[in-house]
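Coordinates in review
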Amino acid sequence: MRLNVDSDIALTHLLTRKKQTMIAALGVTVGIGIFIFMISLVVGFNRYSDEALFKAAPHLRIYKDDMLSQPLIPQSNSGYATVIVNPKITNVSNALINPEKIMADLIKQEDVVTVAPQVSVNLFYNNGTSQINGVASGVNILEANAMFNIQSTMLAGDVRNLVATPNGILIGVGIARKLNIQLHDNINITSSVGVVKVMKVEGIFKTSNSNIDLTKSYVNLAVSQQLLHQSSSFVTDILVNIKDPDKAPEFSKRLQRVTIYKVEDWQAANEQTMSSKKTRAVMFGAISLAILLVAAFGIYNIINMTIKEKLNDIAILKATGFSGKDVINIFIKETLIMGFIGTLFGLLLAAGLIKVVSGIYIGGDREYFPIGFELSIFIAGAIIGMLVTLGAGYIPALNAAKIDPIEIFRK
Amino acid sequence: MMEKQVILKTNHIAKYFYEPVKFKALNDVSFEVFESEFVAMIGKSGCGKSTLLYILSTMDTAYEGELFIAGQKITGQKQDTLAAIRNQNIGFVFQFHYLLPEFSCLKNVMIPALKLGKYSYEEIEEQSYQKLELLGIKDQALKPASKLSGGQQQRVAIARALINSPKIIMCDEPTGNLDSKNTGIVLETFQQLSKEFGQTIITVTHDNDFAAKSDRNIEMEDGEIIDHDKKI
Ligand SMILES: Nc1ncnc2c1ncn2[C@@H]1O[C@H](COP(=O)(O)OP(=O)(O)OP(=O)(O)O)[C@@H](O)[C@H]1O
Ligand SMILES: [Mg+2]
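Keep in mind it's a predicted model, so treat the numbers as computed, not measured. (Residues numbered from 1 in each chain as written. Chains lettered and ligands numbered in written order. Predicted model: local features only at pLDDT ≥ 70, side-chain atom pairs only at ≥ 80, totals over all residues. Heavy atoms only, no water.)

Here we come to the site of ligand 1. Looking at ligand 1, there are 15 residues lining it, with S45(B), G46(B), K49(B), S50(B) and T51(B) nearest. Close to ligand 1, residues of chains A and B are found. A distance of 2.8 Å separates an oxygen atom of ligand 1 from a polar atom in the backbone of G46(B). Between ligand 1 and the protein, one listed contact pairs an oxygen atom with a backbone N or O atom of C47(B) at 3.3 Å. Summarising the interface, the protein chains cover 68% of the accessible area of ligand 1, which totals 630 Å² for the free molecule. For the shell around ligand 1, the per-class residue count stands at 4 nonpolar, 7 polar and 4 charged. (Near = heavy atom within 4 Å. Polar contact = N/O pair within 3.5 Å; in protein donor to acceptor, adjacent residues only side chain to side chain. Areas by Shrake-Rupley, 256 points an atom, 1.4 Å probe, with all protein chains shown as cover. Nonpolar A, V, L, I, M, F, W, Y, C, P; charged D, E, K, R; others polar.)

Structure below.
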């Protein structure tokens, strides 16, 4: 295949000035490489922190919110005064009414993956004279494991043992250390309503959150109901996991319209995490954009320089019948070739950086740096790289098109 | 004898320069050039020959008056249209600036034809070799243009001006750097082009012998044409 004239000229310009071409391309390489690397870093880290979050929290939680007592005689219209009673939290049960029906309705929703009932019990863990207060989650352990992947956090024991052992308990590693308890030891628990039980430790888990490790335990649903003196239909929370955790806020809004109970999505429950996530995205985005801009300036400069040196060529081309459009075409092609080479190596650079960083040992439950290859980020990076170089080349190319050959010839 | 066809015509062309002071470089220039005519423009240095040639070449559009080429009004046309007209109808040889230095001589000659796109790459290559041979520099064809002597470059530039078989060939001192032998070659080439191929040549020259062998001499002085057919 033969190149057309414009491409032929562009290529000759680039090949006779290999050094400048390489420098411009290198700028793009560094820009794109760092850009993709940074974004991958953010995405990897966010995914890691989400994963850590979902080991303890469901995508959605349905529970009965505390209610304030109402005025005795409410203000019926503007002329009347409200009779005020000191508003305080009403002391009614936080049990969900007919939880089976709610769960059956939920599981029918097509976005819903898992639905699990839960009873939260405030309690004390005792061993001898030492005592720690904490929260036990009464769950159907297999459902809860499907949701939180508790098994992946187990240091000792197995979650399935809870099924066979009705009075089994899984405790956080912090509790085990503080009370000096080993696997298969017994542990005393005292609930907030004064029920005392002796449980058998069937597992010890370690999450990424030491506070949870120091307070949390899992028991069978029936045990938790007994701890609160409640019947077997007593449920305080319904936990829901859906297909796409990012859609949780919309789903919770929809759900909230059809239930009197409070529906809370994980984003709302973890505002702190969400806001630091946003900060991270903005920060890294700004830094990598700045780097890209510098790369764009490199391209802009080199193309500008080429044009300054090639004023004579441009004048001759125009005199022999090349239009302004052809001149733009020639320099855009030069930019695109430099951008293409630069972007290509930028992708390789990013891949190399990610490979190196993903091998860095950081300890914790993740062990290695949370970063991975994301095709979509590479594609986005390549597109942005080409667009930025195109923009950087277009401005000087436009100026080149306006060059008046006569002015050059008269010099 | 057949009626002579007007190929190029100007009406009262005037040209001003504003830097450093307002200066009228051309004043009321009106003349005609006929098809297959070989015209030499003569006059003292600074009388406005190059300035007029730039206007005739359609590159300079900042002037008063009108220009017609092959019956078409050039004055007021868009830049892109003018570029296309130049590519097809006008071959230009510049006074000082000649070639694209990074390209081979052959490529320099080929580029306007590649732009026109009328023939295949191979045909254009073949034609370009022919033009280079015509001007006696075929042996330099594959050298980069920057490696040639001034006179050789000038001949490559003439070969380039011929490549699209334009109706008009305009030259600004095409033999300025040439010895008498090569000046002779250029002169013969021009005579042949006008007589055998019906092409029109308008060339600025300081060389009286060269001018004497053209069909007609137009003499300029202080931005005006003072003689439309000066006998030397
Ligand atoms: N860009 C310019 N700005 C101002 N004045 C100019 C410019 N170009 C040319 N002139 C003036 O216009 C006049 C005509 O110049 P031109 O170059 O046409 O002369 P010429 O006849 O081609 O001379 P030569 O034979 O030396 O090439 C001169 O007086 C010159 O000083
Ligand atoms: Mg001149």
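On to the interface of chain A and chain B, then. Contacts between the two partners involve 29 residues from chain A, matched on the other side by 26 residues from chain B. When the two sides are added together, the surface that chain A and chain B hide from each other amounts to roughly 2,400 Å², 62% of it contributed by carbon and sulfur. Our count for the chain A to chain B interface comes out at 4 salt bridges. With a shortest N-O distance of 2.8 Å, D326(A) and K115(B) are connected by a salt bridge. The interface formed by chain A and chain B contains 8 residue pairs in polar contact (both at pLDDT 80 or more). Looking at the side of chain A that touches chain B, the elements that each hand over two or more residues are α1 (5–16), α12 (311–319), α13 (324–358) and α15 (405–410) of chain A. For the side of chain A that touches chain B, the per-class residue count stands at 10 nonpolar, 8 polar and 11 charged. (Contact = heavy atoms within 4.5 Å. Buried area = accessible area lost by both parts, 1.4 Å probe. Salt bridge = Lys/Arg side-chain N within 4 Å of Asp/Glu carboxyl O. Helix = DSSP H or I, 4+ residues; strand = E, 2+ residues; numbered from the N terminus.)

With that out of the way, let us pick up the domain arrangement of chain A. Segmenting chain A into domains produces domain 1 (2–53 + 274–410) and domain 2 (60–67 + 85–269). Spacing between the C-alpha centres of domain 1 of chain A and domain 2 of chain A amounts to 51 Å. (Domains from an automatic or database assignment.)

Okay, a nonpolar patch on the surface next. All names here are of chain A. A surface patch of nonpolar side chains, amounting to about 480 Å² of accessible area, comprises L375, I379, I383, L387 and L390. Turning to its location among the elements, I379 is positioned in helix α14 (residues 375–401). Given a relative accessible area of 44%, I379 falls into the partly exposed group. (Patch = residues over 30% accessible without salt bridge, like charges linked within 9 Å, V, L, I, M, F, W, Y side chains within 5 Å. Buried < 20%, exposed > 50% of the residue type's maximum accessible area, 1.4 Å probe, protein only.)

With that settled, the discussion passes to the pairing of strand β3 (residues 38–43) of chain B. All names here are of chain B. Of all the 6 residues making up β3, 6 are buried; the element is thus mostly covered by neighbouring parts of the structure. With 4 bridges connecting them, β3 and strand β8 (residues 200–204) associate as parallel partners. What sits directly across from F38, in β8, is I201. Inspection of the sheet shows β3 paired to strand β9 (residues 216–221) by 5 bridges, in the parallel sense. Each bridged residue has a counterpart across the sheet, and for V39 the counterpart in β9 is R216. (Pairing = 2+ DSSP bridges.)

So, on to the packing of helix α4 (residues 121–134) of chain B against helix α5 (residues 150–162) of chain B. Residues and elements named next belong to chain B. Two elements in contact, α4 and α5, have axes whose closest approach is 9 Å; the angle formed by their N-to-C orientations is 135°. Classified by the angle between their axes, α4 and α5 sit oblique to one another. Relative to α5, α4 is oriented so that their crossing is right-handed. Where α4 approaches α5, its residues K131, L132 and L134 are matched on the opposing element by V156, A159 and L162. In terms of residue class, the contact of α4 with α5 is built from 5 nonpolar, no polar and 1 charged. (Axes fitted to C-alpha atoms, helices over the stretch in contact; angles between N-to-C directions. Parallel < 35°, antiparallel > 145°, perpendicular 65-115°, else oblique. Left-handed = near helix turned anticlockwise from the far one by under 90°.)

This part covers the sheet that holds strand β6 (residues 90–93) of chain B. Strand pairing in a sheet is mediated by backbone hydrogen bonds. Such pairs are either parallel or antiparallel. Residue and element names in this part refer to chain B. Spatially, β6-β7-β8-β3-β9-β10 is the arrangement adopted by the 6 strands of the open sheet, whose pairing is mixed. Every interior strand has two partners, whereas the edge strands, β6 and β10 (224–227), have only one. When strand polarity is set aside, the average angle formed by the axes of neighbouring strands in this sheet is 25°. Contacts from helix α1 (residues 49–56) reach β3, β6, β7 (168–172), β8 and β9 within the one sheet, and its direction differs from that of β7 by about 150°. Where helix α6 (residues 180–196) meets the sheet, its contacts fall on β3, β7 and β8, and the angle it forms with β3 comes to roughly 135°.

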